[in-house]
Structure formats: structure tokens, C-alpha cells
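Tertiary structure, described
Read off the chains here:
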Amino acid sequence: MPRAKRTCIRLALLVLAASLSRAFLGRTVAAFITLPKARPPVLVLPGFGNAAEDYGEGELISTGEVVADGGLVGRLQRRGFESVEVLPVARADWLRILGGLWDEDFRAGSAPPDTAFGWYLDRVDESVKQATSRTGQRVMLLAHSAGGWLGRAALGRRSAALSENVRAVVSLGSPHRRPEADDQTRGALKFVDDNYPGAFLKSRGVEYVTVAGSAVLGDEAASQGTPERQAWVSYERLVGRGDVPGDGIVPCDNAHLDGATQITLPNVRHSIGTPKSWYGADAVIDEWLPQVTFALARQDL
């Protein structure tokens, strides 16, 4: 069969799969559509303050107990991803950031990512290379919260050498753009935004998918301690205004990258502590995963 005809047939199948995904989102057809080569090895990148266990059997539910389904890792495995690993991060590892206090640029709020987060970036580099060596495939980075911009930092440094082993970056509620005020990354996020903007490595075959939640509209007048009030404070710090929609921590616009496949989901929240509505919840996965697999399969056309 001529190559052009094969390509047309594959494209038609992809369009059909995407249509079915939109029509049957939920736990019916969409979550189990298997597109060609659309199940690469996955490396989950934890968000700030989270540990590797939070994305597996250590994921907590509202009662204080742990989940019984293996967490995000188990849910992805049941959806056809054979290799799913989490970056080895312990909660105490985040204290390493305090080492940046010895650095003048860090104190001034103009430090590059390696200053305080080099330990995280090194682990991404090592874990990706190990996964590629073990499976013979390029890896998908599935990044939650700060893991998104940290993953971009790991990809961009060292002349983007790691991009040879990475097929896609999928971020879940990640703050991607420089903060308007109170930059808690001390310049690291600004550095990433300035030096690796948007879908920076798409020309090298790295697919970008950004997923945002819009469950919480920030409200300055809301009572202290409410999700709306907390969201207003967080959104204002990130984008300069709090009365915008987001996932309760990251406003929608801040969670997207130019040039990426952008997915905004209503009723989705940021934190693992909201087990039925966070990005990795069993039902929520099926709202973004079909579009991710479609984007991955599209690479092979």
C-alpha cells in the first residue's frame, strides 16, 4: 500500500478515535481506546511539597486513609500504560531549596533553576535516561503542579540534550508563567519562562499538553479559609488578579503554554487532597487522557 494512502487511513482512524473520545468521555470507550504507539513509558513529576508515594499507593483520601486502587500510577496502568514510575522524591527533599539562601541571586530573586532545584532536575535527567534504556522508548513526562515547569527546566538545560529521550510533556495544573508578585521560586520560574517559552522543543519532536482546572473562581470577599478566598490569594500572586477561574491554586491562563494542546476542565481542582476532583482522580483522568493519546499518536503520522 502506498505510503500516502497508509497515512490517510491512519489519520482517518485518529479522527474517528478523537470523535469517539469526545462522544464517550467517561469510563466507557474513551479511556480504553488504544492508539498506535500512544502508551509510552510514563515518568510522573511530583509537585512542590509532594512525595513520590502521593501518586501511588500512598495517595490520601478525605478520611485520612490511603486509596485502594494504586493511585495515579495504578489508574494509568489499568488504562494500558505498562511502565509508570514516579520521580523518587521524598517530602524532606524539598528542604534542599533552603540551600539557595547562600546564593546572592537566589536572595535577590533572580536565580536560575539549578541553584535551588538542581537536585530535582538531576533526578529527572537520570530517571528519564533509565526509563529509555529499560524500555527502548522515549518517555512521557506527566507533571503535576510545580513538576510542570521543573520538567521544562530539566528539558531545556544542557542544550536540551534530554529532549532526545522525551516524547511529551503533559502538565496538570502547573504554573507555567512568571509570577506577577512574590516569586516563591526566587527567579527560577521566570528563567524557564524567558529561556524555554511555550512549546519550546516541539520542533524536536516533544509534544506539549497543558491541562487546567476551572472549578474555583477567586473571591476576595469570601470568608477566610474558604476555597474561593484561598484561590484569590494564590491567583493574585501568580497573575496579578484574583477574580479569575482556576483549580484553586493555579489560574487557568497561567496553566497553559503557547503552542501546546490546551485542555481546560470544569469542576477539576488542584490538590491531591480533593480525591474525587483532582487531575489524577479516576473519573477526571478520562477527561484529558484521550486527547493526550491522540496527540501522541499524531506524532507518528
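Scroll up a little and you will see the structure.
Residues numbered from 1 in each chain as written. Predicted model: local features only at pLDDT ≥ 70, side-chain atom pairs only at ≥ 80, totals over all residues. Heavy atoms only, no water.

**Brief notes about helix α2 (residues 71-78)**
Structural remark: α-helix, 3.6 residues per turn; residues separated by three or four positions point the same way. Of all eight residues making up α2, six are buried, and the element is well covered by its neighbours. Contacts from the buried residues of α2 go to β1 (42-45), β2 (84-86), β3 (139-144) and α8 (282-298). Downstream of α2 by one or two residues, G80 has phi in the positive range, about 105 degrees. (Buried < 20%, exposed > 50% of the residue type's maximum accessible area, 1.4 Å probe, protein only. Helix = DSSP H or I, 4+ residues; strand = E, 2+ residues; numbered from the N terminus. Contact = heavy atoms within 4.5 Å.)

**So, helix α7 (residues 227-239)**
Compared with an ideal rise of 1.5 Å per residue, which puts 13 residues at 18 Å, α7 spans 18 Å between its outermost C-alpha atoms and is within 8% of the ideal. On its buried face, α7 sits against β6 (216-217) and β7 (245-246). One or two steps after α7, the chain reaches G240, where phi turns positive at roughly 90 degrees. (Expected span 1.5 Å × (residues − 1).)

**Re unusual backbone geometry**
Unusually for a residue other than glycine, S145 sits at a positive phi of about 55 degrees. Checked against the element boundaries, S145 lands in the loop between β3 and α5 (147-160). Positive phi is not limited to glycine here, since R158 has a value of about 55 degrees.

**Describing the pattern of salt bridges**
Per the counting criterion, the structure on display carries 22 salt bridges. Across the pair D93 and R123 runs a salt bridge whose closest N-O atoms are separated by 2.7 Å. Of this pair, D93 sits in the loop between β2 and α3 (104-108) while R123 sits in helix α4 (residues 113-135), placing them 30 residues apart in sequence. Side by side, D93 and R123 carry an identical accessibility label, which is buried. Its salt-bridge partner being R298, residue E207 comes within 3.1 Å of it at the nearest N-O pair. With E207 in strand β5 (residues 207-213) and R298 in helix α8, this pair connects stretches of sequence that are 91 residues apart. Owing to a relative accessible area of 6%, E207 belongs among the buried residues under this scheme. What you see here is one network of salt bridges that share partners, running through E59, D69, R75, R78, R79, D282 and D286. (Salt bridge = Lys/Arg side-chain N within 4 Å of Asp/Glu carboxyl O.)

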